[in-house]
Every structure is written in C-alpha cells, then in structure tokens.
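Given next are the chains, with one letter for each unit.
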Amino acid sequence: MEGFVLSQAATDLIINILNIILLFLIVRALVYKPVRKFLDQRAARVESIKSEAEKALQKAKDQEEKYQKLSEENTERCNQLLREADKTASKKAEEIIAEAKKQGDDYLKEQREKIAHEHEDMLTSMQDEIVDMAVGISEQILKREVSESDNEKIVREYFAAKNG
Amino acid sequence: MRKIKITLSPSCSDELFQKICNGFKRQYPEELSFIRANDTQMIGGFIADVEGEIIDVSLNAQLARMKDHLKK
C-alpha cells in the first residue's frame, strides 16, 4: 500500500512536472515568443521614433542656428544701411545748407550792389538837381544884374579874339 | 550881299547892336545886311546867324556849357 501511494504521489508529481513543463512550453510557444516579438517590435519602433525625433531635433537646432545667423547678418546689414542712409542724408543736408548759404550770400551781394547803384544814381540825380537849381538861380541873378556895359564887354572880347 | 541876323535881349540898346554890326563888317569884306531880333529869354551877349552859320556868344550858351560841365 505505501508503495502504491508513493508511486501515486510520484506519478502525480511527475505528471504535474510534466504539466508544468508542457504548460511552460505551450506558454513559451504561444505567448512568450509573440509577446517578445511584439515587445521587440515596439522597442524597435520606439527606437526608430526616438532616432527620428533626435534627427528632427538636430535639424531644428541646425535651422535655428542658420536662422539666428541670418538674423544677425540681416541686423548688421540693416544697421549698415541705416548708417549709410544717415551719412548720405547728412551729406545732402550739408550740400543743401551750403547751397542755401551761397544763394543767400549771392542775393545779399546782389542787393548790396543794387543799393550801391541806387545810392549812386540818387546822388547823381541830387547833384543834377542842385546844378539845375544853381544854374537857374544864376540865370535869374544874371537877368537882373547884366547891364549894357556887360554886354558891350562881351561883344568887345568876342571881336578882339576873332580879330586876333 | 550876305545877310546876318543878330538876336539880342530887348533891353540891349541900338548902340550895342551897331557895335556888333561894325564888328562883323570888319570881319567880312563883302557887303552885309543886318537884321535885329529880340529874344526875351536872352540874358546877355548875342547870337548871330550868318546865313546858316550860328555864332552863339550869349550868356545862355555859357550857362548851358557850365551846367553840362558840372553834371559830368
């Protein structure tokens, strides 16, 4: 009897062990390998996505650097254009001021010459008027003062000069 | 006969006119005829018109010359 029970227990044990082994093999065949495969595939996808993400990140960084560089160049270019524009505007302003000053000086000179001429003309006119007045006064005085003897003297002097 | 027109002030006497005529008679050998003209604007002296040739010995002419000289 004890041998039988022991043998039954052993058998059960063996059967259980075989069941476990069989179960293990079944699970391994049906579950482990597909799951493993699934996990490997997922890991590969993740790795791929990670790789692509890193590439994209690197590309983005490269773009950022490129745009940063372009931005700096454009800023420098803008500053340079502003400096040149400022320089050109200053030069133009100086030219305009110089031209305006020259026109002003020319106008002043012209006006001064005009005033000088007008002054001279006025003085000449006044001088002529004074001469006219003086001669007019002389005529009036002479008309009153010239006598017969004065006329005789004029006639005498004329014919004396003519006759030598 | 040469004609001479003598222009004088109206206040000048006939004696003065005659002296002028005598002066021209001494100058020109030919026979002369004289005409007297009066000019109220004449101050003194005389103007003789010897057939187109004008001899101006008037004070008016002297004053005009003096005026021109002063204005230059």
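Structural data are supplied above this passage.
Since we're looking at a predicted model, the values are computed, not measured. By convention here, each chain's residues receive numbers from 1 onward along its written sequence. Chains carry letters and ligands carry numbers; both start at the beginning, A for chains and 1 for ligands, and go up in the order they are written. Local features are withheld for residues below a pLDDT of 70 in this predicted model, meaning they are given only at 70 or higher, and side-chain atom pairs are given and counted only at 80 or more; totals for whole chains, interfaces and linings count all residues. Each side-chain value is worked out from all heavy atoms of the structure, with water and hydrogens disregarded.

## A short note on the overall build of chain B
Part 1 of the argument: Per the convention used, a helix needs a DSSP run of H or I reaching at least four residues, while a strand needs a run of E reaching at least two, with both numbered from the N terminus. Scanning chain B from N- to C-terminus turns up two helices and four strands.
Part 2 of the argument: Along chain B, helices (α) and strands (β) appear in the sequence β-α-β-β-β-α when read from the amino end.
Part 3 of the argument: Only protein chains enter the accessibility calculation, which uses a 1.4 Å probe. A residue is then buried if its area is under 20% of the maximum for its type, exposed if over 50%, and partly exposed in between. Sorting the 72 residues of chain B into buried and exposed places 40% on the buried side.
Part 4 of the argument: Long-range contacts, defined as pairs at least 24 residues apart, comprise 61% of the intrachain contacts of chain B with a sequence gap of at least 6.
Part 5 of the argument: Reported accessibility uses the Shrake-Rupley method at a 1.4 Å probe radius. Residues are deemed covered only where the shown protein chains occlude them. For chain B, the accessible area works out to roughly 4200 Å², and carbon and sulfur atoms hold 49% of it. Note on contacts: a residue pair is in contact if any heavy atoms of the two residues lie within 4.5 Å.

## Describing the overall build of chain A
Part 1 of the argument: Helix and strand content of chain A: two helices and zero strands.
Part 2 of the argument: Relative to its 164 residues, chain A shows a buried fraction of 5%.
Part 3 of the argument: Roughly 14300 Å² of accessible area belongs to chain A as shown, and the carbon and sulfur atoms make up 60% of that amount.

## Observations concerning unusual backbone geometry
Part 1 of the argument: Within the chain, Glu 51 of chain B stands out as a residue other than glycine whose phi angle is a positive 50 degrees.
Part 2 of the argument: For Glu 51 of chain B, the position within the fold is in the loop between β3 (47–50) and β4 (53–56).

## A closer look at the packing of helix α2 (residues 148–162) of chain A against helix α1 (residues 14–27) of chain B
Part 1 of the argument: For the pair α2 of chain A and α1 of chain B, interaxial distance at closest approach is 10 Å and the crossing angle is 0 degrees. Here α2 of chain A lies roughly parallel to α1 of chain B, going by the angle between them. Taken together, the residues of α1 of chain B that come into contact with α2 of chain A (itself represented by Glu 148, Asn 151, Glu 152, Val 155, Tyr 158, Phe 159 and Lys 162 of chain A) are Leu 16, Lys 19, Ile 20, Gly 23, Phe 24 and Gln 27 of chain B.
Part 2 of the argument: For the contact of α2 of chain A with α1 of chain B, the class distribution of residues is six nonpolar, three polar and four charged. What counts as an axis is a line fitted to C-alpha atoms, over the stretch in contact for a helix, and the angles between N-to-C directions run from 0 to 180 degrees. Working rule for angles: under 35 degrees goes down as roughly parallel, over 145 as roughly antiparallel, 65 to 115 as roughly perpendicular, anything else as oblique. Any residue outside Ala, Val, Leu, Ile, Met, Phe, Trp, Tyr, Cys, Pro, Asp, Glu, Lys and Arg is labelled polar, Gly included; the first ten of those are nonpolar and the last four are charged.

## Section: the packing of aromatic side chains
Part 1 of the argument: Between 30 and 60 degrees the pair is tilted, below 30 it is stacked and above 60 it is edge-to-face, where a pair is any two Phe, Tyr or Trp rings, Trp via its six-membered ring, whose centres lie within 6.5 Å. For the structure shown, the criterion picks out six aromatic pairs over all chains.
Part 2 of the argument: Ring geometry for Phe 159 of chain A against Phe 46 of chain B: centres 6.3 Å apart, planes inclined by 10 degrees, an arrangement best described as stacked. Taken together, the residues span two chains, with Phe 159 of chain A in helix α2 and Phe 46 of chain B in the loop between β2 (32–38) and β3. Like Phe 159 of chain A, the residue Phe 46 of chain B is buried in the burial classification.
Part 3 of the argument: On the basis of an interplanar angle of 20 degrees and a centroid distance of 6.3 Å, the ring pair of Phe 24 of chain B and Tyr 28 of chain B is categorised as stacked. Considered together, Phe 24 of chain B and Tyr 28 of chain B belong to a single accessibility category, that of buried residues.
Part 4 of the argument: An aromatic cluster of at least three residues, connected via ring pairs, comprises Tyr 158 and Phe 159 of chain A together with Phe 24, Tyr 28 and Phe 46 of chain B.

## Here we look at the nonpolar core
Part 1 of the argument: Ile 4, Ile 6, Ile 20, Phe 24, Phe 46 and Ile 55 of chain B are the most contacted members of the largest nonpolar core, which has 26 residues in total.
Part 2 of the argument: Among the elements of the structure, α1 (2–145) and α2 of chain A together with β1 (2–8), α1, β3 and α2 (59–71) of chain B are those that each provide at least two residues to this core.
Part 3 of the argument: Looking at which element gives the most residues to this core, the answer is α1 of chain B, with five residues. Nine residue types can take part in a nonpolar core, namely buried Ala, Val, Leu, Ile, Met, Phe, Trp, Tyr and Cys, and a core is a set of them joined through side-chain atoms within 4.5 Å.

## Considerations on the pairing of β3 of chain B
Residues and elements named next belong to chain B.
Part 1 of the argument: Only one face of β3 is buried, namely the one carrying Ala 48 and Val 50, since none of Ile 47 and Asp 49 on the opposite face is buried.
Part 2 of the argument: In terms of strand pairing, β1 meets β3 through four bridges, oriented antiparallel. Pairing of Lys 5 across the sheet is with Asp 49, part of β3.
Part 3 of the argument: The sheet contact formed by β3 and β4 spans four bridges and is antiparallel. Residue Asp 49 lies in a different strand from β4, and its bridge partner there is Ile 54.
Part 4 of the argument: Counted between consecutive antiparallel strands, the loop separating β3 from β4 contains two residues, among which Glu 51 sits at a positive phi close to 50 degrees. At least two bridges found by DSSP between two strands is the condition for calling them paired.

## Observations regarding the pairing of β1 of chain B
Sheet faces and side chains relate simply in a regular strand, where the side chains alternate between the two faces.
Part 1 of the argument: Relative to β2 of chain B, β1 of chain B runs parallel, the two being bridged by seven bridges. Residue pairing in the sheet places Lys 5 of chain B in a bridge with Ile 35 of chain B of β2 of chain B.

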